[in-house]
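# Fold and contact review
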Amino acid sequence: MTLPKHAQIVVIGGGIIGCSTAYHLARDHKCDVVLLEQGKLTSGSTWHAAGLVGQLRSSASITRVLKYSVDLYKNLDKETGLETGWKMTGCLRLATNEDRWTEYRRLATTAKSFGMEMHLVSPEEVKKMWPLMDTSDLVGASWLPTDGQASPSDITQSLAKGARMHGVKIFEDVRVTGFEMDGDTITAVKTKDGDIHCEKVVNCAGQWARQVGEMAGINVPLQPVKHQYVITDNIDGLASDAATVRDPDRRTYFKEEVGGLSFGGYEPNPIPWTTGDVPNDWEFQLFDDDFDHFEQHIEQAMARVPVLEKTGVKQMINGPESFTPDGNFILGAAPECANMFVGAGFNAFGIAAGGGAGWVLAEWVVQGEAPLDLWVVDIRRFSELHKDRQWVCDRTLEAYGKHYTIGFPHEEYDSGRPYIVSPLYERLKEYNAVFGSKLGWERPNWYAPDGMEPKDVYSMGRQNWFEPVGEEHRHVREAVGVFDQSSFAKYELKGPDALAALEWICANNVSKPAGRLTYTQLLNSRGGIEADLTVARLADEHFYIVTGTGFRTHDLAWISDHLPGEGEVEVTDVTEDFGTLSLMGPKARDVLKAVTDADVSNEAFPFGHVREIDIAGHTIRALRVTYVGELGWELHIPIGATGEVFDALMEAGKPHGLKPVGYRAIESLRLEKGYRAWGSDITPNDTPFEAGLGWAVKLKKNAPFMGREALEQRNGAKLTKRLAGFTVDDPDAVLVGRETILRNGEPVGYLTSGGYGYTLGKSIGYGYVKNGDGVDDEFLTSGDYQLVIANETFPAKIGLDPFVDPQNTRVKG
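Residues numbered from 1 in each chain as written. Predicted model: local features only at pLDDT ≥ 70, side-chain atom pairs only at ≥ 80, totals over all residues. Heavy atoms only, no water.

## Notes on empty space enclosed by the protein
Where we set the bar: Residues are called lining when one of their atoms sits within 4 Å of a cavity or pocket point, these points coming from a 1 Å grid over the protein atoms alone, where a cavity is a set in which a 1.4 Å probe fits but cannot get out and a pocket is an open set with protein on both sides within 12 Å along at least five of seven lines. Grid points are joined across faces, edges and corners, and a volume is the space filled by probe spheres set on the points. Helix numbering and strand numbering both begin at the N terminus, where a helix is a DSSP run of H or I of at least 4 residues and a strand a DSSP run of E of at least 2. All amino acids are sorted into three groups, where Ala, Val, Leu, Ile, Met, Phe, Trp, Tyr, Cys and Pro are nonpolar, Asp, Glu, Lys and Arg are charged, and the leftover types, Gly among them, are polar.
Under the counting rule described, the total for this entry stands at one cavity of 30 Å³ or more. Forming the walls of the largest cavity are Ser422, Trp441, Glu442, Arg443, Pro444, Asp484, Gln485, Ser486, Ser487 and Tyr663. Considering each element in turn, the lining of the largest cavity owes the most residues, four residues, to strand β21 (residues 441–447). For the lining of the largest cavity, the class distribution of residues is three nonpolar, four polar and three charged.

## Notes on the sheet that holds strand β23 (residues 489–494)
Which entries qualify depends on this criterion: A strand pair is defined by DSSP finding two or more bridges across the two strands. Here an axis means a line fitted to C-alpha atoms, over the contact stretch when the element is a helix, while the angle between two N-to-C directions is reported on a 0 to 180 degree scale. Contacts are assigned to residue pairs with any non-hydrogen atoms lying within 4.5 Å of each other.
Pairing within the open sheet is antiparallel, and its five strands lie in the order β24-β25-β26-β23-β27. Where the open sheet ends on each side, the last strands, each with one partner, are β24 (517–523) and β27 (570–573). With direction set aside, neighbouring strand axes in the sheet form an average angle of 30°. When β24 meets strand β25 (residues 529–539), the two strands line up antiparallel, connected through seven bridges. Of the residues in β25, the one forming a bridge with Gln521 is Asp532. Contacts from helix α12 (residues 498–505) reach β23, β24, β25 and β26 (542–547) within the one sheet, and its direction differs from that of β26 by about 35°. Along the sheet face, helix α13 (residues 552–561) touches β23, β24, β25, β26 and β27 and points at about 75° away from the line of β25.

## Quick notes on the packing of aromatic side chains
Threshold: Working definition: rings of Phe, Tyr and Trp (its six-membered ring) pair if their centres are within 6.5 Å, and the pair is stacked with planes under 30 degrees apart, edge-to-face with planes over 60 apart, and tilted otherwise. For the exposure calls, accessible area comes from a 1.4 Å probe over protein chains only, and a residue counts as buried if that area is under 20% of its type's maximum, exposed if over 50%, partly exposed in between. We call a charge positioned over a ring when the NZ of a Lys or the CZ of an Arg lies within 6 Å of the ring centre and within 35 degrees of the ring normal.
One pass over the full model with this rule turns up 32 aromatic pairs. Between Trp282 and Phe287 the ring centres are 4.9 Å apart and the planes differ by 40°, which places this aromatic pair in the tilted class. Residues Trp282 and Phe287 agree in their burial class; the two are buried. Aromatic ring contacts, followed pair by pair, group Tyr253, Tyr266, Phe323, Tyr400 and Tyr404 into a single cluster. The cationic tip of Arg743 hangs over the ring face of Phe779; the distance from NZ or CZ to the ring centre is 3.7 Å.

## Here's the deal with the packing of helix α2 (residues 60–80) against helix α5 (residues 152–165)
What counts, and what does not: What sets the label is the angle itself: under 35 degrees gives roughly parallel, over 145 gives roughly antiparallel, 65 to 115 gives roughly perpendicular, and the rest give oblique. A crossing counts as left-handed when the near helix is turned anticlockwise from the far one by less than a right angle, and as right-handed when that turn is clockwise.
Viewed as axis vectors pointing N to C, α2 and α5 meet at an angle of 50°, and their least axial separation amounts to 10 Å. With respect to each other, α2 and α5 are oriented oblique. In the packing of α2 onto α5, the handedness of the crossing is left-handed. Residues Leu72, Tyr73, Leu76, Glu79 and Thr80 of α2 touch α5, and the partners they reach there are Ile155, Ser158, Leu159, Lys161, Gly162 and Met165. Grouping the constituent residues of the contact of α2 with α5 by class yields six nonpolar, three polar and two charged.

## A short note on the layout of surface pockets
Space inside the second largest pocket adds up to approximately 810 Å³. Residue lining of the second largest pocket: 42 residues in total, with Ala334, Pro335, Glu336, Arg380 and Ala557 positioned closest to the centre. Secondary structure elements with two or more residues in the lining of the second largest pocket: β19 (340–344), α8 (350–367) and α13. Here the lining of the second largest pocket takes eight residues from α13, the largest share from any one element. In terms of residue class, the lining of the second largest pocket is built from 21 nonpolar, eight polar and 13 charged.

Here it is as structure tokens:
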């Protein structure tokens, strides 16, 4: 065996993800690909995977990825001649309580929104489909007829054969030992059998992806967890095409396996493997059987399928699977390295995701950007926090334990907290703050009134914070509130070529004079929205950029990746240098002028401007901007002075009723004003014109910018989708997103976000209305609308303007 000296792309790892990625790189893009596997194909965790294939997820893009997998597995054998073991058995998900049943009714609506077939069935229907099951405790079940199961090893071998047929060179027993680097760029892959010079590397090394990444200076935050299932002896009366079953209230799953049953589960007390390096020689290996730990699943499985009490166990599988801190897999371009891409951490649904993940990852590698909105799995959703291996382990085990728990809206993780706190953390606790966590930061979600325990109580209906948040909301609309938004991601861009760089990256015109700020989107080559943020020009060659907490790594990487190759410009992350207090409400000016000598009148300090002002002896960057639709300022404060400035504001604000307010109120306030949220209302799948943000695009300015060509190609053509607002009068309607939009009784889209507008006194949602023949104002306003909420239909009204203060008079006054 002689390794080639050069390849265009080297894929590391011969499991299902690596083989799928190599196959798609060669088939779809005719790339010159070498795949390296340190042992044998499938020998890591693919070979012992259970092989369940489900498709429905809460993200439309991820659902599309999983649907692609099924389509590929159905037909791959026709190309390669190797069977994949695909069986479209359908999948039953069981519900034993009303909260679970509500979750399924919402999922059924999501399925309809995403164009997937899903039915809600009665316990009697379940019994007919699965006679061996005890259905006496069921409320009902969901039935997804196009789900199924497959043989992980067979699929992988079929993909590997397909890859070879398209020219991929696959080498087994070749371990990667390091990388030759030029700065942050890999120039060659080092192995014990020689080096391969290459242009790009794809790290699909499974549970070894973390240590392979480390060799190139990148972090892949995953944790191997011991996952067990058993295969039973033959069971009389079990059909070979029996549906796969997920029984989440009992934390178990079942599938037919050669005449018997294979079953396992997701326990609340999982056992991690190692937070250190995984042994390189772990090939086709398993851990010792652990029946003591698995007993909890056996008890639940026998209660559901009583025949198991007298059925023998043929084999126990106890193997490591890679899990992540949020239960989503990891794809994309590593921010620390210019040419390493990652596909790893599949949380035991690598078989379901394998085909589709390989497809989108191959596109990403070749095009340099994701082909869909893949934010929920993007490696750039992580941060420095995720380099803490113990934190990653603790949070991953919590996510594993929640795999089958009911997905209550707005639920927070508990482990590894608090990790990062603002200087106001202890002060805000005294105001009964109830904190949530975002990228490690503790942030006040809401404030419990006196006599109420400051704690979230989760439910499927209105949660315990509903009324207190309403009071906070009204207070901001009528008086003034202060929000601790210190977790905002903040960057500085400096240099003689800073303006030219931003003019290329930003869709809006940022060439305004110093002292001005600009809301802008950053677009991909398709004209889709990769980020939206605020750019404040502090001086001719000095810009201050503010974006959302969770997008810190993503947005910095996007900016850095798209800076011109030549030119004097430097971008720096200054997030921890500044605390941020947002002072918002009609009385905000009264409070601000009481703590500063600066002139903060509308004439001296108009909307869309930035000034340095002094408060409590400290120089503050004050940005006249709002995300809640009221007069207000973001005050960016040297981090150590945040407490003093907060105290000064609270003291000066007493006559005006100043109160601290939380993030839940920000959400309801922005919904009323029609402000878009990136990651839900606006994504890489959506253009500014579709999102109603065309006013923030400089097409009339004769200057190139990223995404301009794509927008110009569509300019003049009818839009086939547009974002619109909806209200529902029924007080029982709880909107959480993904509800189906009906126009004249026909589905035309789904909500991207939903919540409650306390000023209006009704639920508000936003979503894209789609029509292949075009969507204009007349089409939107002439329809009769309904929303399908948890499988029930409610009348709705459409709104094309903000629901509160459409003229923005309060913002600009």
